[in-house]
Amino acid sequence: MTYGQLPYDIAHLLGGAMLLLSFVLLYQRRVQAVINAFAMQGAVLAMAAAWQGAMQSAPELYLTALVAFTAKAVLIPLALRAIVRRLNLHRAVETALGIGASMMAGVAVVALAILVALPITTGARAIAREDLALALSVVLLGMLMMITRRNAISQVVGLMSLENGLVLAAVGVAGMPLVVELSTAALVLVVFVVAGVFVFQIRERFDSVDTGAFAANHGEDAFEPEPEEASTAPPGAPPAAQRGDAG
Amino acid sequence: MPLPWIVVFFPWAAAVVLMALPRLRLAAAVNLGASAVSLLLALLLVNMPDGEQGWTRVDALNQPLLLLSAIIGLTTSVYSYGQIEAKGFDPLRLRAYHGAYQVFMGAQALALLADNMGVMWVAIEIATMASVTMVAVHGTAAATEAAWKFFILCGVGIALALFGTVILYMAAQPVIGHGDVGLSWSALRAVASRCDPGLLNLAFVFLLVGYGTKAGLVPRHFWLPDAEAEGPVSISAVLSGLLLNAAMSAVLRAETIVRAHPGAIPPGPFLMALGLASVLLASFSLWRRRDVRRLFAWSSIQHMGLAAFAFGMGGAMGNLAGLLHLLGHSLTKSAVFFGVGMATRLKASQKIAAIGGLASSHPALGWSLVVAIAAVAGLPPFALFASEFLLLTEAVTRWWWLALPLGLGVFIAVAAKVNVVQQLCLGDATPDAIAPPGRLAFLTTLGPIWVHLLLALVLGAALPAGGAAMLARAAELLK
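Residues numbered from 1 in each chain as written. Chains lettered and ligands numbered in written order. Predicted model: local features only at pLDDT ≥ 70, side-chain atom pairs only at ≥ 80, totals over all residues.

Q: Can you lay out the overall build of chain A for me, pointing to particular residues and giving the numbers?
A: Each helix and strand in chain A was counted, giving 8 helices and 0 strands. Starting at the N terminus, the α and β elements of chain A follow one another as α-α-α-α-α-α-α-α. The buried share of chain A, reckoned over its 247 residues, is 51%. Put simply, 69% of the contacts in chain A that link residues at least 6 apart link residues at least 24 apart. (Helix = DSSP H or I, 4+ residues; strand = E, 2+ residues; numbered from the N terminus. Buried ≥ 20, exposed ≤ 12 C-beta atoms within 10 Å, placed from the backbone. Contact = placed C-beta atoms within 7 Å.)

So, in structure tokens, the structure goes:
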């Protein structure tokens, strides 16, 4: 299969659409828009899985597609909306990296993914290697989103988008054993995170869903700079209370 | 049902029962009983011949680690039995705590026993979710933060490990074909030399970063000090004792597959580099800790670094040193956590400054802790001395210039631990914050500590021939 053949082109189109939505996720600043983009990515993932199921004549992939659609395009976005409403975040504007900067970082990450994936997979079938490049880009963009976002919900969406990339990779490899089980298990992990946000109501506990606010509770004397803080709270992060996220 | 499956499913069945039990004493006793049965099952498993049972396999690599995890599972339940009343858990937290404990025990057993790399991934995922629940069980702001950090970092870690697993299959697919066999460790290892080396390299990078996060290797170790400082002490004991080992065994299984291809980039130097970085960062960090449980969590990072370095060097001697180090570290570190847990309960603080002169105010606890910390620091005659001695001599003969920074890291860490022994156990006693707890609490603390120290002594100084043969076979398996 190569360019110009319908099955190949559609698989590419769907993978490309997922990548595009990853970029949308990267620069959106309103929490609700982030959730909408994530729901769309989930729906595209379901279509990609179903298409691979048809192409590889692997009926179990339809199950993966169904699970992905129900959970990622419908249920999880609904749950996230409920959390946003409950925490009164629906007008929150998040100071992510600027649009230009996030786009450039995103393009650099995709270039890296292509440079890594294409040369080493010359032996593999064209569709497998290009799927791998697309999936790796989605995974890395999800990580980038987790790094640049400070709001707990956006970070969770970043993790889920990363996981979408994993499922895209798994369904793209023809004959992958346990693909349904593994993609469902990965989904359980994601649901567990969403449940964590829901149960702990991080905003109520810390008066913010800004993980930067965690810095006050690092369990050691305040005057001692902790190396592990660097992961969640770079110095100079504005306190959430000043950021007009009260709705 | 084959025995290895029973070893996995029995704790899960116990977890279901425990989640239904609202009474504190009863639940703690059932937890203890379940752990005792698990130990019996593990003893049977150690005597099983090597072999595969569908998705699981029994071999010399997982038998000693599994026996160790069952022993620590039992002693930790004993400790937990004596301490649980003081926690003041409400019924919901109590159910979550005991249920998650047994779910964790089953999942880490599955992670050790799995032959199928996909099943291994699912097992590590379940173990992560169970341990996050246990870390968060106190419900304080610090515990929630620790659990969140733990979950986000390890969530990304295991997601990357799954990506690595997918790429591993992608590399093997043209050779191995379809079906479950495509993720079997033994099958992958057998065909690895005919797979695409580029894909194998890429898979290993993701698997190393992913499972390496769980093993607490620098630079993705941030979750470990928080997780071990904020959850209940029994969780710190099983996290450092068991979860890190399960993750390290996953890294090793991945490494052996990639190493089987002569054209792939050798994975050993990656492990050595991460290991050395962990040892150096952790040994300097040890000097800056004011919280005693964080200090020993950093010490776990240092010891996992040493083990990773040993496995990275490879060869019969390096692998033997690494395995001995994993076993010795689990035994001694959980003994230290039991003692530290009792001390922090007495002083109602985790600050090192608030805990002082234990040897004069509580001689039995104080001196036990002195011996346990000496053992974890790698002083003779305990297991960590033997493994560090093997490791350093092997490093000197093969890469003397690497042995210098490694030796420096070990030396700084020993000095930091001698320093902390003086602060915690010797010197003037600080006042207790609570009335002394009953005999039960002391017995269930000191008993497990001395059982662990005795085992570490046997492992270090007088390993029986059967045990030595098993470790040698495991080292051979990793070659």
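Q: So what's going on with the overall build of chain B? Which residues, and what values?
A: Of the regular secondary structure elements, chain B holds 19 helices and 2 strands. Since a compact globule built from 479 residues should have a radius of gyration of about 23 Å, the 21 Å found for chain B is in line with a globular shape. For the C-alpha atoms alone, the extent of chain B along its principal axes is close to 70 × 55 × 45 Å. Sorting the 479 residues of chain B into buried and exposed places 64% on the buried side. Of the contacts made within chain B by residues no fewer than 6 positions apart, 81% connect residues no fewer than 24 positions apart. (Rg over C-alpha atoms; globule rule 2.2 N^0.38 Å.)

Q: How would you summarise the environment of M342 of chain B if you had to cite specific residues and measurements?
A: Residue and element names in this part refer to chain B. Tracing the backbone through its elements, the reader meets M342 in helix 13 (residues 315-347). Since 26 C-beta atoms lie within 10 Å of it, M342 is described here as buried. Between the alpha carbons of M342 and Q83 there is a distance of 8.4 Å; along the sequence they are 259 residues apart. Contact partners of M342, with chain neighbours within four places excluded, come to L365 and T445.

Q: Please provide a residue-by-residue account of the interface of chain A and chain B, values included.
A: Chain A puts 42 residues into the contact, and the matching count from chain B is 40 residues. Secondary-structure elements contributing two or more residues to the side of chain A that touches chain B are helix 4 (99-120), helix 5 (126-148), helix 6 (152-172), helix 7 (179-200) and helix 8 (202-206) of chain A. Considering each element in turn, the side of chain A that touches chain B owes the most residues, 8 residues, to helix 7 of chain A. Its residues assigned to classes, the side of chain A that touches chain B comprises 27 nonpolar, 9 polar and 6 charged. (Nonpolar A, V, L, I, M, F, W, Y, C, P; charged D, E, K, R; others polar.)

Q: Could you give me a rundown of the packing of helix 1 (residues 6-27) of chain A against helix 4 of chain A, with the residues and numbers involved?
A: Residue and element names in this part refer to chain A. Their axes nearest at 9 Å, the elements helix 1 and helix 4 cross at an angle of 145 degrees. Remark: the crossing between helix 1 and helix 4 carries right-handed chirality. Along the contact surface, helix 1 presents F23, L26 and Y27, while helix 4 presents I99, S102, M103 and G106. Residues of the contact of helix 1 with helix 4, tallied by class, amount to 5 nonpolar, 2 polar and no charged. (Axes fitted to C-alpha atoms, helices over the stretch in contact; angles between N-to-C directions. Left-handed = near helix turned anticlockwise from the far one by under 90°.)

Q: Tell me about the nonpolar core, and name the residues and values.
A: When a protein is soluble and globular, its nonpolar side chains tend to lie buried together. In this structure, L166 of chain A together with A111, A123 and V166 of chain B are the most contacted members of the largest nonpolar core, which totals 267 residues. Looking at this core, the element that brings in the most residues is helix 6 (residues 141-176) of chain B, giving 24 residues. Ignoring any residue separated from it by four or fewer positions in sequence, one finds A123 of chain B in contact with A107, L110, A111 and A114 of chain B. (Core = buried A, V, L, I, M, F, W, Y, C linked by C-beta atoms within 7 Å.)

Q: Provide a residue-level description of helix 4 of chain A, including the pertinent values.
A: Residue and element names in this part refer to chain A. The terminal C-alpha atoms of helix 4, which comprises 22 residues, lie 32 Å apart, in line with the 32 Å expected from a rise of 1.5 Å per residue. Among the residues of helix 4, those classed as buried are S102, G106, V110, A113, A117 and I120. Projected down its long axis, helix 4 shows its buried positions confined to an angular sector of 125 degrees, all on one face. For helix 4, the exposed residues set more than 90 degrees away from the buried face come down to G100, A101, M104, V107, A108, A111, L115 and P119. (Expected span 1.5 Å × (residues − 1). Arc of directions from axis to C-beta.)

Q: Give a description of the packing of helix 16 (residues 383-398) of chain B against helix 17 (residues 400-424) of chain B that names residues and reports values.
A: Residue and element names in this part refer to chain B. Two numbers describe how helix 16 lies on helix 17: the axes approach to 7 Å, and their chain directions differ by 150 degrees. Here helix 17 runs roughly antiparallel to helix 16, going by the angle between their axes. Contacts between helix 16 and helix 17 involve E388, L392, A395 and V396 from the first element and W400, L402, A403, L406, G407 and V410 from the second. When grouped by side-chain class, the residues that make up the contact of helix 16 with helix 17 number 8 nonpolar, 1 polar and 1 charged. (Parallel < 35°, antiparallel > 145°, perpendicular 65-115°, else oblique.)

Q: Could you give me a rundown of the confidence of the model for chain A, with the residues and numbers involved?
A: Residues shown with low pLDDT carry predicted positions that ought not to be read at fine detail. Residue and element names in this part refer to chain A. Across chain A, the average pLDDT comes to 77, with 73% of residues at or above 70. Mean pLDDT values for the elements of chain A range from 44 in helix 8 up to 92 in helix 2 (residues 31-55). Counted against residues more than four places away or in other chains, residues 203-247, with its pLDDT under 50, gives 70 contacts. (pLDDT = per-residue confidence, 0-100.)

Q: Tell me what's going on with unusual backbone geometry, and back it up with residues and numbers.
A: The omega torsion across V218 of chain B and P219 of chain B is 5 degrees, close enough to zero to call that bond cis. Among the structural elements, P219 of chain B can be located in the loop between helix 8 (197-214) and helix 9 (223-230). Residue P381 of chain B is bonded to the preceding P380 of chain B through a cis peptide linkage, with omega at 10 degrees. Along the chain, the position of P381 of chain B falls in the loop between helix 15 (363-376) and helix 16. Phi is positive for L178 of chain A, close to 60 degrees, though the residue is something other than glycine. Within the fold, L178 of chain A resides in the loop between helix 6 and helix 7. A positive phi angle, near 55 degrees, is found at A348 of chain B, a position not held by glycine. Relative to the elements of secondary structure, A348 of chain B occurs in the loop between helix 13 and helix 14 (358-361).

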